[in-house]
Amino acid sequence: MAESSSSSKMKPKISSAKDIMDTLFDISKILNTGLDAETLATCVRLCESGVNPEALAMIIQELRRESAAVKTEDTSKSSQPLS
């Protein structure tokens, strides 16, 4: 019996957590962060674990720059004629 009462208490928490994540994702889209829901959830968990949000944002920006540089490099290599 205790199990069902704890289970019924968990449902509002889960629903509330989902509502919060949905709202955060909506804000993320409005701000054009480019984060998908899974990545945003990972960032939230990291921040809840004590990671500095500003440092996390800087790392994400750096990873995006590096990714773009690699893509640009790959594109330029593939468009060069073979010698």
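You'll find the structure just up there.
About the criteria used
Residue indices follow the written sequence of each chain, beginning from 1 at its first position. Thresholds applied to this predicted model are a pLDDT of at least 70 for local features of residues and 80 or more for the giving and counting of side-chain atom pairs; totals over whole chains, interfaces and linings are not thresholded and use all residues. Side-chain figures throughout are based on the complete set of non-hydrogen atoms in the structure, without hydrogens or water. Runs of E in the DSSP output that reach at least two residues are strands. Runs of H or I that reach at least four are helices, and both are numbered from the N terminus. Only protein chains enter the calculation, and the probe is 1.4 Å; a residue is then buried if its accessible area is under 20% of its type maximum, exposed if over 50%, and partly exposed in between. Note on areas: Shrake-Rupley with a 1.4 Å probe; residue coverage comes only from the protein chains shown. For this document, the term salt bridge refers to a Lys or Arg side-chain nitrogen within 4 Å of an Asp or Glu carboxyl oxygen. Think of a patch as exposed residues, more than 30% relative accessible area, with no salt bridge, where like charges cluster within 9 Å and nonpolar side chains (Val, Leu, Ile, Met, Phe, Trp, Tyr) cluster within 5 Å. Any helix carries an expected span of 1.5 Å times its number of residues minus one. We define a polar contact as two N or O atoms separated by no more than 3.5 Å, with the added condition that, inside protein, one atom must be a possible hydrogen donor and the other a possible acceptor, whereas residues neighbouring each other in sequence contribute only through side-chain atom pairs.

Caption draft 1: Quick peek at the overall build of the protein. Broken down by element type, the protein carries 3 helices and 0 strands. Counting the 83 residues in the protein, one finds 10% classified as buried. Per element, the accessible surface of the protein, about 7,100 Å² overall, is 61% carbon and sulfur.

Caption draft 2: Structural context of the pattern of salt bridges. Applying the stated rule across the entire model yields 3 salt bridges. We note a salt bridge from Asp-26 to Lys-29, for which the minimum N-O separation is 3.9 Å. Of this pair, Asp-26 and Lys-29 both sit in helix 1 (residues 2-30), 3 residues apart, which is roughly one turn of that helix. With its nearest N and O atoms 2.9 Å apart, the salt bridge here joins Arg-65 to Glu-62. With a gap of 3 residues between them, Arg-65 and Glu-62 both fall in helix 3 (residues 53-79), about one helical turn apart. A relative accessible area of 34% means that Glu-62 is categorised as partly exposed.

Caption draft 3: How the structure looks around a nonpolar patch on the surface. Side chains of Ile-20, Leu-24, Ile-27, Ile-30 and Leu-31 sit close together on the surface and give an oily, nonpolar patch of about 490 Å² of accessible area. Along the polypeptide, Ile-20 turns up in helix 1.

Caption draft 4: Spatial organisation of helix 3. Across its 27 residues, helix 3 extends 39 Å between first and last C-alpha, which sits within 8% of the 39 Å expected from 1.5 Å per residue. The distance from a side-chain oxygen at the start of helix 3 to the backbone nitrogen of Glu-54 is 2.8 Å, and the residue carrying that oxygen is Asn-52.

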